[in-house]
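Geometric and topological summary
So the chains spell out like this:
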Amino acid sequence: TFSVSGDGAVTLSTVPNLFNPADVWTVRPAFRNDILASSDPAATSFSEGQVLLRQGTGLTEADADGVYFHFGTVLGPAPAVRTGLLTLDGAGGFLGTETVADPTGGSSATASPVSGTYTIATSGIATFTPDGGATGTGIVGPAADYIFTVGLGTDGVTVDFLLKL
């Protein structure tokens, strides 16, 4: 169940499941009222944070055009953090440059060009396919000002977030 307070905070109550006991947590607006986030200052692991993203509808590739800041991670045998700027052309193509770093300190960061294609369904589902990379599927925000995708490739699970500049 959930409730919404006057300041926009959302309190969620979960039910016990196979992985977790029942829990109650509150998220507050972090980016307009489209992204809500919380964390537990006493948490002992990263899993103690929650993020809720509002999904847009009625959008197309033309709504997602311009320059986006990209932050991504690869969770697998060779973890990596990717950051950079991507330009979406509004017609289903993107290009840019990103820096890939090993968060374990095992190798130095390298910058390289990146390009690929994307689709946005009117339901708000976004699909990104970098040339030579894993396809990620997720959501686009209500004004196409952010895009979140998750994919599975040979390197592991990819998690990508794009924020329009």
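Notes on the structure follow. (Residues numbered from 1 in each chain as written. Predicted model: local features only at pLDDT ≥ 70, side-chain atom pairs only at ≥ 80, totals over all residues. Heavy atoms only, no water.)

1. Regarding the nonpolar core
- In terms of nonpolar packing, the biggest core is built from 15 residues, with A64, L88, F128 and I147 touching the most fellow members.
- Those elements that provide at least two residues to this core are β7 (80-89), β9 (110-120) and β10 (125-130).
- Sorting elements by how many residues they give to this core places β9 first, with 3 residues. (Core = buried A, V, L, I, M, F, W, Y, C linked by side-chain atoms within 4.5 Å. Buried < 20%, exposed > 50% of the residue type's maximum accessible area, 1.4 Å probe, protein only. Helix = DSSP H or I, 4+ residues; strand = E, 2+ residues; numbered from the N terminus.)

2. Considering the pairing of strand β12 (residues 146-153)
- Note that strand β11 (residues 136-140) and β12 share 5 bridges and pair antiparallel. Across the sheet, the residue bridging to T137 is V150, located in β12.
- Counting the residues that bridge the hairpin from β11 to β12 gives 5 residues, and of these A144 lies at a positive phi of roughly 55°.
- Judged from the 8 bridges that link them, β12 and strand β13 (residues 156-164) form a sheet pairing that is antiparallel. Considered in β13, the bridge of V150 is made with V159.
- Hairpin geometry of β12 and β13 is characterised by an intervening segment of 2 residues between the two adjacent antiparallel strands. (Pairing = 2+ DSSP bridges.)

3. Some remarks on the pairing of strand β6 (residues 65-75)
- Sheet topology places β6 next to β7; 10 bridges connect them, and they run antiparallel. In the strand pairing of β7, V67 is matched with T87.
- Once β6 ends, the chain turns through 4 residues before running back antiparallel as β7.
- The pairing of β6 with β13 spans 8 bridges and is antiparallel. Note on β13: the bridge partner recorded for Y68 is K164.

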